[in-house]
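Below are the chains, spelled out letter by letter.
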Amino acid sequence: MPPHRKKPFSSKLKKKQLKEKRASKRDDGHKGPIKKHMYRGLTDSEDNDSDNSIDVKKVNLQPQTKSDKRYDPNRYRLHFLHETKEELEKRKRRAYEPFSVLSDTALELDVDTIYQPGTVLDMPKRPTWNFNLSKEKLDDREEKYFKEYLDGIFDKHSPEELSYFEVNLETWRQLWRVLEMSDIVLLITDIRHPALHFSPALYNHVTRDLGKHIVLVLNKIDLAPPGLVIAWKHYFRKCYPEIHIICFTSYPQDFKNSEKEEKDPGKVLHKKRRRGHYVAIGPRQLWQACDNIVKDQVDLSSWQDKIELEIAGENVAESEVVQEEDDGDYLQKERYKDGILTIGCVGYPNVGKSTLINGLVGKKVVSVSRTPGHTKHFQTIFLTPKVKMCDCPGLVFPSLVAKPLQILAGIYPVAQVREPYSAVQFLAERIPVIKLLQLTHPEASEQKGANIQWSSFDICDAWAEKRGFLTAKAARNDTYRAANNILRMALDGRLCLCMRPPGYSEKIDEWHEHPEAAQVLEWQRAIIGNKSDDIISEGSTTEGSDFGEEADNASSESSASDENNTATTSNPFALLADD
């Protein structure tokens, strides 16, 4: 037979093929016009003529792998409202306008101002149900309720004034499931932005409606000055008296021939560690809080023994990790059933939920990443035969917080930010970015002796010039890449923006001298090392250091590794909240 003759493939057909491929990706979930009353991830609709229609952007697309055949890796991906081109262009124009450095009070945040408790921004709660309902009827009831919930928000607030928040019903269902099956709810927050990560609606629902205890975890305490950690702790204790508060931090590290003998019960250090193991501060505090809650209803001695073995650096029994399918059975289970304590881990994306679990276990059992929304499955981890933990996918509650702050807090993936300059300006207005990066104004030679004013675009332009970020075709300064790099440094803690509780700036010296601050300082020394003690205690920076090389290393480490979602703070620029 004659050989098969290849058909000609013109450049026109190639362009058509690429166009169809891009269209299929968009249809797969990147963005699509939807009506505001749609549910379950706000399914795409071709009807975009209605005034009530809005767009949704589904971020952090995960590829389907052979090992994921049972599970949909995109089931709980983040679904946010898509910003209009007009809104983006408006923010881009502001990037060229000079900005002014704000006072210290601009760093102060009040939880009630962000979430406005008692308004339409309240969290969606699972509708009542019974076992006589079929799964289809139950789904319909939840979808109808969620539609009405979104309608109430969009009728009261425009998409422009709303923050990014989760509009994927599947993720909310996972939160409902975790809350109902848990005996104790563990709410994890990043110490740099705890007011942003703490929803009063969640607190009220857990303590009042469900009648359960909630433990607030101030995570990543190595990224904030000790006085600020204690100030946030007292703020939440005063405003929410029924809450239990602990401090925590964990990350993977190899310990070789450590000679430190730790006697403080709040610390968990290891003398010898193999690769893949985690060092953590806070597990004993968590055990103590849970033991005070359950009292003699659950025997937690095995958990205590596990912590003691971790302190001694001895091997402990392997923890069991189970990936569960959501079958819709949300039974309000018996408290401490079969003598087992169930702890539910909830919180925003990128606050360190999975890393916290790894720190409690003592080794990596749950995949972690700096990319928000990385957790793809509902997971159950048995710390001991009597203690079970449930890891819920990260979920963003509706609020009125500024979107640039959400980007800096890691809620929205930096790689998918379409307009990063407003976030750079938000950062530069509150911490001395120009001084820390040692930037020279692009027009400094033309404005000698004049009062040079900076814009966020100038900062990105100067940083691109310093780091050699150039566009591929015209070889101009790549300001977008520079802005992206600055945001990643902020996310990693190398340009550390720490928000403060109300009134903190007036009593900053009192908080630094607070007796509890000394304990936090000791914890931070154990994690960071003595070489950074002066940075931690004073929140100062070192003049004249070469920050460019450090920042470049930070960027490369961020993109090359997903072993840890808490930042390394061994550089002299990590803790700047009180500078």
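Quick caveat, the model's predicted, so the values are computed rather than measured.

Colleague: For the overall build of the protein, give the residues involved together with the corresponding values.
Modeller: Counting its regular elements, the protein contains 20 helices and 13 strands. Looking at the protein residue by residue over its 579 residues, the buried ones come to 55%. Intrachain contacts of the protein at a sequence separation of at least 6 include 77% that bridge at least 24 residues. Accessible surface for the protein amounts to roughly 26,600 Å². Of this, 47% is attributable to carbon and sulfur atoms.

Colleague: Help me get a handle on unusual backbone geometry, residues and values and all.
Modeller: A positive phi angle, close to 60°, is found at Lys220, a residue other than glycine. Along the chain, the position of Lys220 falls in the loop between β5 (213-219) and α8 (226-239). Of the residues examined, Lys220 reaches a relative accessible area of 2% and is grouped as buried. Despite not being glycine, Tyr336 has its phi angle at roughly 55°, a positive value. With respect to the secondary-structure elements, Tyr336 resides in the loop between β10 (320-324) and β11 (341-347).

Colleague: Got a sec to walk through the packing of helix α13 (residues 421-428) against helix α15 (residues 456-467)? Specific residues and values, please.
Modeller: What describes two packed helices is the angle between their axes and the distance between those same axes. Running from amino to carboxyl end, α13 crosses α15 at an angle of 95°, the nearest separation of the two axes being 8 Å. The orientation of α13 with respect to α15, classified from their angle, is roughly perpendicular. Across the interface between the two elements, Tyr421, Val424, Gln425 and Ala428 of α13 pack against Ser456, Phe457, Ile459 and Cys460 of α15. For the contact of α13 with α15, the per-class residue count stands at six nonpolar, two polar and no charged.

Colleague: I'd love a proper account of the packing of aromatic side chains, names of residues and values included.
Modeller: Across all of its chains, the model carries 17 aromatic pairs by this definition. Put simply, the rings of Phe198, Tyr203, Trp232, Tyr235, Phe236 and Tyr240 touch in pairs and so form one group of aromatic residues. One residue, Lys403, lies across the ring of Tyr164, its end atom 5.3 Å from the ring centre. The positively charged end of Arg430 is found above the aromatic ring belonging to Phe426, 3.6 Å away from the centroid.

Colleague: Quick one: what's the story with the pattern of salt bridges, residue by residue and with numbers?
Modeller: Throughout the structure, instances matching the rule amount to 20 salt bridges. Put simply, Arg91 and Glu87 hold a salt bridge, and the shortest N to O gap is 3.3 Å. Residue Arg91 and its partner Glu87 are both found in helix α2 (residues 85-94); the two are separated by four residues, about one turn of the helix. With respect to burial, Arg91 and Glu87 carry one shared label: buried. With a shortest N-O distance of 3.2 Å, Glu429 and Arg430 are connected by a salt bridge. Pair check on accessibility: Glu429 and Arg430 agree, each one buried. Through salt bridges with shared partners, a single network forms among Arg126, Lys135, Asp139, Glu142, Glu143, Glu170, Arg173 and Glu180.

Colleague: Mind laying out the side chain of Ser163, listing which residues take part and the relevant values?
Modeller: If you trace the backbone, Ser163 turns up in the loop between α4 (135-156) and α5 (169-181). On the basis of relative accessibility, which here comes to 2%, the residue Ser163 falls in the buried class. A polar atom in the side chain of Ser163 sits 2.9 Å from the backbone oxygen of Ser399. Not counting the four nearest positions on each side in its chain, Ser163 is found in contact with Phe397, Pro398, Ser399, Leu400, Val401, Lys403 and Gln406.

What counts, and where the lines are drawn
- Note that residues are indexed from 1 along each chain, following the sequence as it is written.
- Given that this is a predicted model, residues contribute local features only at a pLDDT of at least 70 and side-chain atom pairs are listed and counted only at 80 or more, while totals for whole chains, interfaces and linings are drawn from all residues.
- Excluded from the side-chain calculations are hydrogens and water; all other atoms, namely the structure's heavy atoms, are used.
- Secondary structure counts use DSSP, requiring at least four H or I residues in a row for a helix and at least two E residues in a row for a strand, with both numbered from the N terminus.
- Partly exposed residues are those whose accessible area sits between 20% and 50% of the maximum for their type, while under 20% is buried and over 50% is exposed, using a 1.4 Å probe and protein chains only.
- Contacts are residue-level and defined by heavy atoms, with any inter-residue pair within 4.5 Å sufficient.
- To be clear on the numbers: accessible area is Shrake-Rupley with a 1.4 Å probe, and residue cover counts the displayed protein chains and nothing else.
- Between N-to-C directions, angles span 0 to 180 degrees; the directions come from axes that are lines fitted to C-alpha atoms, helices contributing only their stretch in contact.
- By the definition adopted for this analysis, an angle is roughly parallel if under 35 degrees, roughly antiparallel if over 145, roughly perpendicular if from 65 to 115, and oblique otherwise.
- Throughout, the ten residues Ala, Val, Leu, Ile, Met, Phe, Trp, Tyr, Cys and Pro are labelled nonpolar, Asp, Glu, Lys and Arg are labelled charged, and all others, Gly among them, are labelled polar.
- Geometry of aromatic contacts follows a simple scheme: Phe, Tyr and Trp rings, the Trp one being its six-membered ring, pair when their centres are within 6.5 Å, and the pair is stacked under 30 degrees between planes, edge-to-face over 60, tilted otherwise.
- Charges are assigned to positions over rings by a cutoff of 6 Å between ring centre and Lys NZ or Arg CZ, combined with an angular limit of 35 degrees from the ring normal.
- Salt bridge criterion: a side-chain nitrogen from Lys or Arg within 4 Å of a carboxyl oxygen from Asp or Glu.
- Polar contact is defined as a pair of N or O atoms within 3.5 Å, subject to the rule that within protein one atom must be able to donate a hydrogen and the other to accept it, and that residues adjacent in sequence are counted only when both atoms are side-chain atoms.

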